[in-house]
Structures are given as structure tokens and as C-alpha cells.
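Listed below, chain by chain, are the residues.
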Amino acid sequence: MKFRELSIEGAFEITPQVHGDARGHFTEWYRFDLLAEVVGHPLDLAQANLSLSAKDVVRGIHFADVPPGQAKYVACTRGAVLDVIVDLRVGSPSFGKWEFVRLDDTERTAVYIPEGLGHGFCALSDDATLTYLCSATYNPTGEHGVHPLDPDLGIEWPTDAPQLSARDAVAPTLAEALATGLLPDYQACKAYTDSLKQQ
């Protein structure tokens, strides 16, 4: 299993070793001990989600209040998506920047997204299926979004016909979320992550 830190601090791409032959294949797609060694603390598993999307569906950009936030370990079990991680932490050196990672059912790559970052994806195939391991349960009052098509973010989605949920279609722009104090604070996120490392 190989870990590569992305250009956004705290986020990682994880590439497992896939063992296969004519019968099929096997892989360890999550190892709590190896992840904890890389990020400095265990991922406290509180909830597991499964998301199925048609081709050209765009979901996100979603994030949660910090603390407690919601760290995610995301992998694609069927089809393919282009997963996007956005730095929404006010005061971060990479605030407003984003990075894509392709997740699919061939390479079995995963991403780790710490508390305070935004997450979204575009389905590259029909029946694209994602699994999420989450550090906190869903909290409807603490969950938020930024519009995925915000031109100021400039995310280069790989579709000319993005399909959005009603919720995502009315999400605020990055500037609006910033002006209303909705976005997480970089120093608060770092302090929360440091507190997890001391447990």
C-alpha cells in the first residue's frame, strides 16, 4: 500500500497492491494501522456510506463544521469517478485550491480527506459506486456545501452536462460561504487534528 500526500495539506492518495489472476483479484483497500502511521492518528470509524451515481452526476462540494468535522476514506468499488478535494480552510496556504484523483474499480485507489476539506466527485461511468469510511456520523445541522460549478473555484469537471442535486444546485459560492462565516478555520482544524494525535 502506497501513500502519496496531495498538494492540499493533510489529504492523501492511497494505492493498494492488487493481487489477481484468471479467477479474479484481492486487495487490502484499508489498513487502519498504516493510515494512522501516515496521518499521525487513527481514523475513528463512526459511519460507513455507499453512494451510487449515474454518469455525469456531480456531487459536492461538501464539508462539515470543525470540530468535530468528518474525515473520510473514499474508494470506488464499481465504475469510475474523478474525485475532487477542495481546501476550504480559511487561512490555509492552499485555500480555494483543488485537486483531482481518479478512483476506479481497476486500480482500487482511495483518498483520505481530513476534517475541514471539501469533497466532491464526478461519475465517469454509470453505476459508479463509492464507499466512504467516516470519522463522525451525519449531522444535518453541521453539514454544508459550496457550489461545485462556482466559476471562482474553477473546477474542471470532466463533463459538459453535470447533473446536480437540488441541494448542490443552490449551494453558496465560495465567496458567499466565506462572507457568511460558513467555512472552517485553518488554525481550528490544525488544533483539532493535533488533539487527535494526542489521544
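Because the structure is a prediction, the values reported are computed rather than measured. (Residues numbered from 1 in each chain as written. Predicted model: local features only at pLDDT ≥ 70, side-chain atom pairs only at ≥ 80, totals over all residues. Heavy atoms only, no water.)

A closer look at the overall build of the protein chain
Across its full length, the protein chain carries four helices and 13 strands. Expected size for 199 residues packed as a compact globule is a radius of gyration near 16 Å; at 16 Å, the protein chain falls within 12% of this value. Looking at the protein chain residue by residue over its 199 residues, the buried ones come to 50%. On the protein chain, roughly 9700 Å² of surface is accessible, and the fraction owed to carbon and sulfur atoms is 52%. Charge separation in the protein chain, taken as the distance between the mean sites of 15 positive and 28 negative side-chain charges, equals 5 Å. (Helix = DSSP H or I, 4+ residues; strand = E, 2+ residues; numbered from the N terminus. Rg over C-alpha atoms; globule rule 2.2 N^0.38 Å. Buried < 20%, exposed > 50% of the residue type's maximum accessible area, 1.4 Å probe, protein only. Areas by Shrake-Rupley, 256 points an atom, 1.4 Å probe, with all protein chains shown as cover. Lys, Arg positive; Asp, Glu negative; His and termini not counted. Charge placed at Lys NZ, Arg CZ, Asp CG, Glu CD.)

Thoughts on helix H4 (residues 186-197)
Taking 1.5 Å of rise per residue, 12 residues should cover 16 Å, and H4 covers 17 Å from first to last C-alpha, within 8% of that figure. For H4, the full list of buried residues reads Tyr 186, Cys 189, Thr 193 and Leu 196. Projection of H4 onto a plane perpendicular to its axis shows the buried side chains occupying an angular sector of 85°, all on one side. For H4, the side-chain oxygen to backbone nitrogen distance between the N-cap and Gln 187 is 3.1 Å, and the N-cap itself is Asp 185. (Expected span 1.5 Å × (residues − 1). Arc of directions from axis to C-beta. Polar contact = N/O pair within 3.5 Å; in protein donor to acceptor, adjacent residues only side chain to side chain.)

So, the sheet that holds strand S12 (residues 128-134)
What the six strands build is an open sheet, ordered S1-S2-S10-S7-S12-S5; its pairing is antiparallel. The strands lining the two open edges of the sheet, one partner per strand, are strand S1 (2-5) and strand S5 (47-53). The average undirected angle you get between the axes of adjacent strands in this sheet is 20°. Sheet topology places strand S7 (residues 72-78) next to strand S10 (residues 110-113); four bridges connect them, and they run antiparallel. (Pairing = 2+ DSSP bridges. Axes fitted to C-alpha atoms, helices over the stretch in contact; angles between N-to-C directions.)

Some thoughts on the environment of Phe 121
Residue placement: Phe 121 occurs in strand S11 (residues 117-123). Exposure remark for Phe 121: the relative accessible area of 1% places this residue in the buried category. Note: C-alpha distance between Phe 121 and Val 57 (64 residues apart in sequence) is 8.1 Å. Apart from the residues lying within four places of it in its own chain, the contact partners of Phe 121 are Ser 51, Ser 53, Val 57, Val 58, Arg 59, Val 81, Leu 82, Asp 83, Val 84, Leu 130, Tyr 132 and Trp 157. (Contact = heavy atoms within 4.5 Å.)

Notes on the pattern of salt bridges
Here the structure, examined in full by the defined rule, presents 10 salt bridges. The salt bridge partner of Lys 190 is Glu 9, with a shortest N-O separation of 3.6 Å. Here Lys 190 is found in helix H4, whereas its partner Glu 9 is found in the loop between S1 and strand S2 (12-15), with 181 residues between them in sequence. Glu 9 gets classed as partly exposed once you look at its relative accessible area, which sits at 32%. Note that Asp 56 and Lys 55 form a salt bridge whose closest N and O atoms lie 3.6 Å from each other. Salt bridges here are not isolated pairs; linked through shared partners, they connect Arg 4, Glu 13 and Glu 99. (Salt bridge = Lys/Arg side-chain N within 4 Å of Asp/Glu carboxyl O.)

Some words on unusual backbone geometry
Residues apart from glycine generally show negative phi values, whereas peptide bonds are mostly found in trans. A cis geometry characterises the amide bond from Gly 60 onward to Ile 61, with omega recorded as 5°. As for its placement among the helices and strands, Ile 61 is situated in strand S6 (residues 58-64). Looking along the chain, the bond that leaves Val 66 and enters Pro 67 is cis, with omega of -10°. For Pro 67, the location among the structural elements is in the loop between S6 and S7. You will see that Asp 56, though not glycine, has its phi angle at about 75°, which is positive. In this structure, Asp 56 sits in the loop between S5 and S6. Even without a glycine there, the phi angle at Arg 108 is positive, about 65°. Inspection of the secondary structure puts Arg 108 in the loop between strand S9 (98-104) and S10.

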